[in-house]
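Observations on the three-dimensional arrangement
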Amino acid sequence: MAAGPGTTADTGPAARIGKEEVPQFETACSYVEATLEEFLTWNCGHSSTSGPFRDYDYAKFWAYADYKYVASLFEDKSDIFQDVIWSDFGFHGRNGRESTLWIGSLGAHTPCHLDSYGCNLVFQVQGRKRWHLFPPEDTPFLYPTRIPYEESSVFSKINVVNPDLKRFPQFQKARRHVVTLSPGQVLFVPRHWWHYVESIDPVTVSINSWIELEEDHQARVEEAITRTLVCALKTAEDPHRTRAWLNPTEVEDTSHEVNCLYLNRAVSAFVDHYRASKTVESQALRTNGECMKKEELNMHNLMEVERTGSQNLTLGTVKQKAASPFGPALVPVLPSSEEPPSERGDIFKNDGKDLVGKDGEHFGKLHHTKKQQMMSKSENAFVEPIASNSAGAPSQACISTDDLLDCLVHPQVTKIVAQLLIQRRSL
């Protein structure tokens, strides 16, 4: 997810500026610092010869003040934190301090990506946003990449609004879920669900909060592996052009020594957490040892009741919570058979391209060369020739550093490497 280079008390938050032709990586966008009043004036179509938006025609550009921490924006007005309440969803005590703010114009969007950490709750305050979501098991069909690099974000190479199926044929197997989020609605995005989000009203305002999960402990190890490999290979390729592959949210590339230190700490933290949880579990078992036989008998009886279909109140309550952990108003988003038209007419028309980078460079020219079946379905992985994934590809395509990284830091690969490192440390 993108954010500008920072905020200042005098000018307000930074806004990301993008063109309307095609979805763009954040490295292809411009950034300006502006007040909310300046943004709204520009957004109303009032041209100006001065100010931060003077070089951007409203008819050709969109603006997005995205991923702004509420705690930073309103550090002098902490009472505002209490206006953001997530307790209705079972997260007591969580408020604006753990939330981020998103303000965008018509056409503003975030690239299709998945978040490595946690799950996501999004509250729509003003205007509407359209969400395109894809389940985690469709990851092989989304052509994941870690370039541009941002910790905790795995990007897709595909323009999901108007995909180039000749270049990315596997995408047609992906199951798209589309939902339009209106003011007053909250969207729950489960862990590792891919999402592309676009503003479809002149002004959109959203507030979200990422919820930490138990799986994040291993995810931090996987992200440390990714950072170490990406920084090492990309820096070796060209030490003087780090901004070309770092997302604007990343302040700078870190040295190999620092990355290795971070990796060791992530592995140690995981092992310590695992051992601590096992210790607590063992203590609990010993404390309750005298009651275990009675508990086992009661559990056996309850399981018999469940198997026979009897309506046990306790079990029914547990089942209901498991099915709908965020309240009875949670409505599932079903797969979409058709792609909805864009609210801005030709905003993404006639492109048929993948995401673009700076200077018009198209990410994906060196095509993703690896197709993998999901690990849960098959233990076999296979690689097809590069020519099979692109029309008219040369018989001997050059493998770039990015192609190599697409394989080395593929989410399925880093997961296996993380597990191996953890096993070595725990022996």
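Our subject in this report is the structure included herewith.

Reading the values: rules and limits
Residues numbered from 1 in each chain as written. Predicted model: local features only at pLDDT ≥ 70, side-chain atom pairs only at ≥ 80, totals over all residues. Heavy atoms only, no water. Helix = DSSP H or I, 4+ residues; strand = E, 2+ residues; numbered from the N terminus. Buried < 20%, exposed > 50% of the residue type's maximum accessible area, 1.4 Å probe, protein only. Contact = heavy atoms within 4.5 Å. Areas by Shrake-Rupley, 256 points an atom, 1.4 Å probe, with all protein chains shown as cover. Core = buried A, V, L, I, M, F, W, Y, C linked by side-chain atoms within 4.5 Å. Pairing = 2+ DSSP bridges. Salt bridge = Lys/Arg side-chain N within 4 Å of Asp/Glu carboxyl O. Axes fitted to C-alpha atoms, helices over the stretch in contact; angles between N-to-C directions. Parallel < 35°, antiparallel > 145°, perpendicular 65-115°, else oblique. Nonpolar A, V, L, I, M, F, W, Y, C, P; charged D, E, K, R; others polar.

1. Concerning the overall build of the protein
Along the backbone of the protein there are eight helices and 16 strands. When the 427 residues of the protein are sorted by exposure, 44% land in the buried category. If you take every contact in the protein between residues at least 6 apart in sequence, the share linking residues at least 24 apart comes to 80%. Counting only carbon and sulfur atoms, one obtains 54% of the accessible surface of the protein, whose full area is about 22800 Å².

2. As for the nonpolar core
The biggest cluster of nonpolar side chains holds 25 residues, and the ones touching the most others in it are Ile17, Trp42 and Phe53. Going through the elements one at a time, strand 2 (12-19), helix 1 (36-43), strand 4 (61-69), strand 5 (100-105), strand 7 (119-126) and strand 14 (203-211) are the ones with two or more residues in this core. Once residues within four sequence positions are removed from consideration, Ile17 is found in contact with Cys29, Ser30, Val32, Phe53, Tyr56, Phe61, Trp62 and Ala63. Counting 15 residues, the second largest nonpolar core, distinct from the first, contains Leu114, Ile158, Trp194 and Tyr196.

3. A few points about the pairing of strand 9 (residues 144-150)
Taken across its seven residues, strand 9 has seven buried, putting it largely inside the fold. Both strand 9 and strand 10 (residues 153-156) contribute to a ladder of three bridges, which runs antiparallel. By the bridge assignment, Glu150 is partnered in strand 10 with Ser153. Between strand 9 and strand 10, which follow one another and run antiparallel, lie two residues, and Ser152 among them has a positive phi close to 80°.

4. Section: the pattern of salt bridges
Tallying each qualifying case throughout the model produces eleven salt bridges. Put simply, Arg175 and Asp138 hold a salt bridge, and the shortest N to O gap is 3.0 Å. Of the two residues, Arg175 is situated in the loop between strand 10 and strand 11 (177-181) and Asp138 in the loop between strand 8 (129-134) and strand 9; the sequence distance between them amounts to 37 residues. Take Asp138: its relative accessible area is 2%, and that puts it in the buried class. Note that Arg227 and Glu250 form a salt bridge whose closest N and O atoms lie 2.9 Å from each other. Here Arg227, found in helix 3 (residues 216-237), pairs with Glu250, found in the loop between helix 3 and helix 4 (256-287); they are 23 residues apart in sequence, far enough to count as distant. Look at Glu250 and you get buried, because its relative accessible area is 11%. A cluster of three or more residues bridged by salt bridges with shared partners is formed by Glu137, Asp138 and Arg175.

5. A word on the environment of Ile225
Topologically, Ile225 is positioned in helix 3. Ile225 gets classed as buried once you look at its relative accessible area, which sits at 6%. Measuring from C-alpha to C-alpha, the distance between Ile225 and Ala418 comes to 7.5 Å, with 193 residues separating the pair along the chain. What Ile225 contacts, discounting residues up to four positions off in sequence, is Leu263, Thr414, Val417, Ala418 and Leu421.

6. Things to note about the environment of Ile211
Within the fold, Ile211 resides in strand 14. A relative accessible area of 4% places Ile211 in the buried class. For the pair formed by Ile211 and Phe91, sequence separation is 120 residues and the distance between their alpha carbons is 8.7 Å. Contacts of Ile211, omitting those with residues within four sequence positions, involve Phe91, Arg94, Gly118, Cys119 and Leu121.

7. Some details on the packing of helix 3 against helix 8 (residues 411-426)
Taken N-terminus to C-terminus, the directions of helix 3 and helix 8 make an angle of 110°; their axes are 9 Å apart at the nearest point. Between helix 3 and helix 8, the angle is such that the two are roughly perpendicular. Taking contact as the criterion, the partners of Gln218, Val221, Glu222, Ile225 and Thr226 in helix 3 are, on helix 8, Thr414, Lys415, Val417, Ala418, Gln419, Leu421 and Ile422. Among the residues making up the contact of helix 3 with helix 8, the classes are represented as six nonpolar, four polar and two charged.

8. Let's talk about unusual backbone geometry
Residue Pro148 is bonded to the preceding Ile147 through a cis peptide linkage, with omega at 5°. Mapped onto the elements of the fold, Pro148 is located in strand 9. Phi angles above zero are rare outside glycine, and Ser152 is one such case at about 80°. With respect to the helices and strands, the residue Ser152 is situated in the loop between strand 9 and strand 10. What makes Ser152 buried here is its relative accessible area of 15%. Despite not being glycine, His192 has its phi angle at roughly 65°, a positive value.

Geometric values such as these leave the question of function open.
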